[in-house]
Every structure is written in structure tokens, then in C-alpha cells.
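# Summary of structural features
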Amino acid sequence: MSVVGFDLGNLQSVIAVARNRGIDVICNEVSNRATPSLVSFGFKQRFLGESAKTQEIGNFKNTVGSLKRLAGRRLDDPEIVGNEVNYVTAELAEVDGQVGAAVNFLGESRSFSNVQLLAMFLGKLKETASHELKIPVSDCVITVPGWFTEIQRRAVLDAAQIVGLNCLRLVNDLAAASLGYGITKTDLPEDKPRNVAFVDIGYSSYSTAIVSFVKGQLTVRGTAYDIHFGGRAFDQVIVEKLAEHFKEKFKIDVFSNKKALIRLRAAAERCKKMLSANPQAPVNIESIMDDKDVSAIVNRADFEDWASHLFTRTELTLAKALENSGMAVSDIDAVEIVGGSTRIPAIKATISKFFNKEISTTLNQDEAISRGAALQCAMLSPAFKVRDFRVQDIITYPIKLQWAQTPEDEDTEIIAFNRNNSLPSTKILTFNRSKPFLLEAYYAYPEELPTGISSWIGQYNIKDVEPVNGGPAEVKVKVKINIHGVLSVIGAYTVEEKEFEEEVKLKDDKTKEGEGKGEGEGGEEKKEIRKVKKVVKVRDHNVVSITSSLARNIIDRYIEEESQMAANDKLIIATEAAKNALEEYGYDMRDKIMGPLSDYIDPAIKERFADDLNAVVDWIYDEGDDVHKSVYLEKLEGLKKVGGPVVERFRESEELARADRQLRAVC
Ligand code: ATP
Ligand code: MG
């Protein structure tokens with residue numbers, strides 16, 4: 001059974017696995033410990049992860065990033081129209097009521113929804129993990145930002161399902177990092193908690209969590225998010241300044257040329273990273289557009305000045321998290337940072353100044369979240385034994401339930417899960433009803449939600465409710481925020497107060513007064529039948545739920561399409577391998593029959609065989625460039641029929657010579 005944690009980043013994703021009694025971050029096919037969160041489409045196949053990145057600039061129209069930010073969104077969502085559209089280089093499109101991308105794939109115009117795109121990428125991560133572990137991967141834990149809402153979480157779960165991943169938990173990024181922190185600390189206090197502030201600033205967003213640790217348990221006390229704050233905002237500052245500079249100096253407008261803009265963005269990111277370690281960084285882009293080469297030098301001081309509005313904003317989220325946790329700076333014992341953008345010196349300085357503390361470096365900035373996710377998976381998986389550590393996370397947005405007014409009750413809503421309610425958590429609500437009724441769940445404060453996310457969570461139809469004894473039934477509804485942070489109604493039933501006859505044991509008076517005699521030692525035991533009232537469940541009700549998960553038929557269609565695309569990718573890779581093998585054989589054999597194998601081939605066929613080998617190589621470069629795998633295999637087999645015996649004769653003669661040498665040596 002696989003135990004895998006995926007840190008799903010908007011720019012790059014990290015995979016950690018539990019094995020050999022420890023947690024390892026694994027490398028992908030090009031030995032990188034993080035995989036670009038990109039998918040791209042080609043004429044013959046898809047390119048996922050690293051291979052999408054390699055072709056990004058040349059194939060930007062068919063490359064889709066921001067997979068995490070697109071999850072659960074619609075095309076007309078203000079967040080998409082006003083923001084994300086600037087970061088996705090492919091054209092965005094509406095697919096099955098969701099935002100997706102329109103690309104050219106296999107020579108045709110195709111569109112894929114965000115859930116499909118995310119599934120493709122998760123499928124790639126799954127394949128990388130399973131290649132490394134050498135077992136099929138299914139059980140996993142996937143991380144999401146704590147600010148993800150119901151619809152976004154369900155989109156990730158749907159995507160995981162499409163590629164056969166059994167997500168044991170969607171865990172909030174910082175809960176995962178905190179788990180990794182807590183489980184390795186052997187000196188956690190028994191009673192007075194150690195309070196740690198965790199700060200994650202990545203590519204597109206910024207999260208802070210204040211977490212209390214005691215031995216064997218962590219409790220998230222408060223969180224805060226700035227969902228439009230991260231590395232790409234800093235890159236954008238550099239892009240805008242340099243674009244201005246290039247306009248003046250080189251008379252070019254990079255914003256008018258998508259490819260030029262993509263190249264400038266990449267250069268700006270490199271420059272920004274360099275400025276984290278150096279006072280100055282050069283930017284050089286050859287032939288950016290209109291055949292012009294551009295260059296500039298950026299000083300760290302300039303960058304800090306250009307981005308000063310972002311640096312001042314850094315503090316706000318820290319203050320909010322502290323406020324939400326009901327703590328003061330003086331309550332914080334340690335500060336831990338993760339995410340690539342916390343490498344920016346001015347950010348580090350702001351965090352350190354805010355908490356009036358040196359930043360600790362217990363965690364690996366790039367890997368802590370994936371490690372925590374793998375640990376969480378190990379704890380949930382029956383296949384692995386891990387020291388128990390309780391993760392007490394909290395919900396981010398209060399949730400209310402609403403219903404139509406009835407004569408039985410005046411209220412029409414209740415906050416079922418309030419701020420900082422623990423997660424997972426179950427509540428039982430009581431309704432007096434004579435007929436079936438509808439409940440609707442909403443986020444209680446829509447203004448707190450990420451832009452464009454609807455406050456609607458789900459609708460639950462409580463069926464088959466009937467009056468009881470001529471009056472309304474007392475219906476209990478069990479509502480749960482589950483381990484993924486997703487809401488569901490897990491049951492509904494009618495209860496009734498019923499009278500029961502119960503046998504009650506009585507002791508005689510002497511014993512009651514207590515004469516120092518223990519039970520059985522004295523006092524006669526008496527029994528009495530009493531009538532007692534008890535509330536009991538009398539019937540269950542069906543609950544029909546409408547949620548923001550995709551409909552079953554859409555998921556099934558996506559599963560089918562995904563498996564076809566995956567099979568096609570596999571076939572293309574296998575075909576490419578067969579072609580390379582044939583080409584290699586052609587070149588190699590041609591040289592060898594003229595060289596070391598020359599004496600072992602029948603002179604009558606030698607010339608003809610050489611011609612055949614040459615012809616195959618020429619054919620590959622010509623009409624044989626793109627044919628079925630079987631054609632390459634057949635041709636290779638045909639050549640080997642002639643070449644095989646030659647190689648065999650050579651080998652036999654070599655063997656004989658070796659045996660002869662050995663014999664001589666012995667004699
Ligand atoms: P998100 O958390 O938004 O989903 P992510 O998890 O993919 O994104 P990370 O891998 O944590 O993001 O961080 C990537 C960001 O960190 C990029 O914007 C990158 O430019 C930035 N970054 C990485 N190294 C440095 C550095 N040395 N100096 C400044 N920024 C850096
Ligand atoms: Mg991240």
C-alpha cells in the first residue's frame with residue numbers, strides 16, 4: 001500500500017513518500033525534487049510536469065499552469081477574468097460549466113476543464129511516485145491552502161478520483177507543515193503549550209497559522225491568508241519596471257507580445273531570486289522581440305523600493321492570524337517559515353521584526369509541506385505504523401444552515417460551524433417537522449470568501465418525514481465537516497420519547513445508610529419495575545444531497561477520456577522508443593559489419609545487409625518518421641534475422657578465444 005504526500009503547489013509540486021521507517025522527498029524523471037505544475041498539449045501527445053516546462057516558451061498557447069488557482073472556478077468568475085487570465089498562457093474556455101483551457105491537441109481544437117487538467121497533473125505525480133516506489137500508488141494525502149472553500153476542495157477530490165488516487169485526506173498546507181514539525185520534536189511540553197507561528201509564502205499565495213503544541217498533539221489556534229500575495233506578485237513588479245525601461249531604451253512594448261512577456265517573466269523571476277543572495281542582478285534577454293536584445297541591471301535596493309507596497313502588506317496577515325488566535329506577539333515561542341518567497345530577505349526581516357524573534361530553521365522550506373502530508377498519510381494508512389500525533393485543525397469560514405420558515409420555529413438559519421471550529425467535526429441539529437424539508441448550507445460571511453466564490457455550499461433534502469402522534473416529528477440531522485474540510489449531511493432520523501419499563505435494583509435500607517459493608521456482604525438486593533422515558537431513534541430518513549462535486553456522469557466521462565489520453569501517451573512513448581531502437585541498431589550494425597563483425601558475415605550478403613541498414617536509417621528520416629510502433633518493431637526484427645547470427649558467430653568465436661587463452665594460461 002502506498003503512503004504518499006503530494007504538496008500541490010501552484011508553481012511546483014513536491015512528492016514525499018513514507019518508506020524504510022522514514023519520510024523521503026522523491027526526485028522526478030529529471031532528478032528534480034519539485035515538479036512544475038504544468039500540463040501541455042502537443043501534436044501527438046501530452047506533456048506533463050517537467051516536459052511541459054521544457055516546451056513552455058515554444059508551446060505556450062497549449063500550456064496550462066495555475067492549475068490550483070483554476071480549481072473550482074467558472075470562466076466568468078471575477079477572479080479568473082480579472083486576475084488568473086494574466087497568468088495562464090493558453091486560452092481559457094468554459095467547459096462543463098467550469099473554467100478550462102482551449103488548446104490544440106493531436107491536431108484538433110480541444111477543451112479541457114480545470115478538473116481534467118488538474119487530474120492530468122495529479123496523474124503525472126502519481127506515476128512519478130509509483131515509478132520510484134515500484135508499486136501502484138493509490139492512497140495519498142494532498143495539500144491545499146487553508147483558504148480553499150468547499151467547491152475548490154471538491155474539485156481537487158474529483159480530480160484525484162479521475163486518476164485513481166484515493167485521497168485519504170485533503171490537508172491544509174500549514175497543518176501538514178505543523179505535523180512534520182511536531183512529530184520530530186521530542187521536547188514538547190506536557191501542559192503549557194508551545195506556540196509556533198508558521199508562515200508560508202509561495203508563488204501565488206500567503207498563509208499564516210498560529211499553532212499550539214503539547215506532547216502528542218497540535219492545535220491550530222488561528223489562521224490568516226493573503227491570497228494574492230506571493231512570488232508572482234514580486235515578479236510582476238520587476239516585469240513592469242523593466243518593460244517601462246525597455247520601452248524607453250529599446251522602443252519595444254513587451255506587453256504587446258505574449259512570448260516576449262513570458263520570457264521577461266522568467267528573466268524577472270531569475271533576477272528576483274538572484275537578488276535574494278546578491279545586491280545586484282543582471283537581466284539579459286536575447287532577441288526578445290523585433291530582433292532586439294535587451295539588458296538591464298537591477299539593484300536589490302531598487303527592487304525593495306519598487307515592491308515596498310508588498311513588503312508593508314506582509315505584516316497585515318501576520319497581525320490578522322495573531323488576532324484570530326487570540327494571542328499576542330509575546331505568546332509566540334517560535335516562528336517557522338516555508339515556501340519559496342520567504343527567501344526574500346526583506347520578507348524574512350519583516351516577519352522577524354513583527355514577532356520580535358529570530359526565525360527558526362527547523363523545517364526544510366521547500367519540502368516541509370510534502371513531508372507533513374506523507375506523515376499524515378502514514379498515520380491514516382493501515383499499512384504504516386507511526387507515533388500517534390493528534391492534528392487538531394480548524395475551519396476557515398463559518399458555515400450556516402438555512403431552511404424555510406415553518407410554524408414550528410421562527411428561526412430560519414443557524415451557524416452550524418463557527419470560526420475556529422475544529423476540523424473534522426460533527427453537529428446534530430434538531431428540527432420539528434411534519435413533512436420532508438430542505439436544508440441549505442452557506443458560508444455565513446460571503447465577504448470573507450476568496451473573490452468570486454459563491455457562498456452556497458450544498459442543498460440537502462431530508463426525505464420521508466411524517467407527523468408523529470398527530471404532531472411534528474423531532475428530526476435529528478447529522479452534519480459533518482469531514483477530514484477534507486468538506487461539508488456533508490451524513491444522516492437524518494426521527495426520534496421519539498418512549499416510555500419503557502425498566503428493572504431497577506434497590507438495596508435495603510441498612511446497606512444504603514452504609515454500615516461499612518461492601519456490596520454482597522450484607523443488605524438484601526431488591527428489584528423494582530419502573531417506567532422510564534427515553535428518546536430513541538424510530539426511523540432513518542433518506543437524504544438527497546446536491547453538492548458542488550461534479551455529477552457522476554461527468555466524472556465517468558473524464559475517467560474514460562483520461563484513460564484514453566494516458567494510453568495514447570504511453571503508446572507514443574513506446575513508439576518513440578521502438579523508433580530509437582531501430583535507428584540505433586541501423587547505425588551501430590552498419591559500423592560493426594564494416595569493423596569488428598566484418599569477418600563473421602557471409603561476404604555474399606554483406607553488401608546487401610549494409611544497404612538495408614542504410615536504407616532503414618534513411619527511411620526513419622523520411623517517410624518512416626511517424627509510423628506505427630509495430631512497423632518499427634517489424635523492421636528491427638527483419639534486420640536482426642540477418643544480423644543476429646552474425647553477432648552470434650562473433651560471440652562464439654570470442655568465447656572460444658577466451659577459453660583458449662585460459663587454457664594456455666593454465667598450461
Ligand atoms: P503556492 O504556494 O502559491 O501554491 P508553490 O507552492 O508552487 O505556490 P513555492 O514553491 O513555495 O510555491 O515557491 C515558489 C516561489 O518562490 C516562486 O515565486 C519563486 O520565484 C520563489 N522563490 C524561490 N526561491 C527564491 C529565492 N531564492 N528568492 C526569492 N524568491 C524565491
Ligand atoms: Mg505552496
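Anything mentioned here points back to the structure above.
One structure accompanies this document, and this report is about it. All of these numbers come straight from a predicted model, not from anything done at the bench.

This part covers the sheet that holds strand 5 (residues 39–41). Across the sheet, 3 strands lie side by side as 6-5-7; this open sheet has antiparallel pairing. Where the open sheet ends on each side, the last strands, each with one partner, are strand 6 (46–48) and strand 7 (63–64). Pairing analysis gives 3 bridges linking strand 5 to strand 6, with the strands arranged antiparallel. The residue of strand 6 that forms the bridge with valine 39 is leucine 48.

Quick look at the site of ligand 1 now. Around ligand 1, the structure places 21 residues, and the nearest of them are Gly9, Asn10, Gly202, Gly231 and Gly340. When contributions to the shell around ligand 1 are tallied by element, the ones reaching two or more residues are helix 7 (231–250) and helix 8 (258–275). Looking at the shell around ligand 1 element by element, the count peaks at 3 residues for helix 8. Considered class by class, the residues forming the shell around ligand 1 number 3 nonpolar, 12 polar and 6 charged. Inspection of the shell around ligand 1 shows a minimum of three residues originating in each of domain 1 (1–164) and domain 2 (190–364).

A few words on the nonpolar core. One finds Leu118, Ile142 and Ala374 to be the most contacted residues of the largest nonpolar core, which totals 152 residues. Top element by residues in this core is helix 4 (residues 114–133). It accounts for 9 residues. Those residues in contact with leucine 118 that sit more than four places away from it in its chain are Leu67, Ala71, Ala155, Val156 and Ala159.

Bringing helix 5 (residues 150–162) into the picture now. For helix 5, with 13 residues, the first-to-last C-alpha span of 18 Å sits near the 18 Å given by 1.5 Å per residue. With 12 of 13 residues buried, helix 5 lies mostly within the body of the structure. Taken together, the buried positions of helix 5 are Glu150, Ile151, Gln152, Arg153, Arg154, Ala155, Val156, Leu157, Asp158, Ala159, Ala160 and Ile162. Two residues or fewer past helix 5, glycine 164 is found with a positive phi of approximately 70°.

So, on to the environment of lysine 241. Mapped onto the fold, lysine 241 is located in helix 7. Classification of lysine 241 as partly exposed rests on a count of 18 C-beta atoms within 10 Å.

Positionally, tyrosine 445 belongs in the loop between strand 24 (437–443) and strand 25 (456–462). Taking C-alpha positions, tyrosine 445 is 20 Å from arginine 221, a pair spaced 224 residues apart along the chain. In this structure tyrosine 445 touches Tyr397 and Pro398, once residues within four positions along its chain are discounted.

The next subject is unusual backbone geometry. Residue leucine 423 is joined to proline 424 through a cis peptide bond whose omega torsion reads 0°. Relative to the assigned elements, proline 424 resides in the loop between strand 22 (422–423) and strand 23 (425–433). Here the phi dihedral of arginine 21 falls at roughly 60°; this positive angle occurs in a residue that is not glycine. Note on placement: arginine 21 falls in the loop between strand 2 (12–19) and strand 3 (22–25). By the C-beta count within 10 Å, which is 8 here, arginine 21 ends up exposed. Even without being glycine, aspartate 96 reaches a positive phi, approximately 50°. Secondary-structure assignment places aspartate 96 in the loop between strand 8 (91–95) and strand 9 (98–105).

What counts as what
- Residues numbered from 1 in each chain as written.
- Chains lettered and ligands numbered in written order.
- Predicted model: local features only at pLDDT ≥ 70, side-chain atom pairs only at ≥ 80, totals over all residues.
- Pairing = 2+ DSSP bridges.
- Helix = DSSP H or I, 4+ residues; strand = E, 2+ residues; numbered from the N terminus.
- Near = placed C-beta within 6 Å.
- Nonpolar A, V, L, I, M, F, W, Y, C, P; charged D, E, K, R; others polar.
- Domains from an automatic or database assignment.
- Core = buried A, V, L, I, M, F, W, Y, C linked by C-beta atoms within 7 Å.
- Buried ≥ 20, exposed ≤ 12 C-beta atoms within 10 Å, placed from the backbone.
- Contact = placed C-beta atoms within 7 Å.
- Expected span 1.5 Å × (residues − 1).

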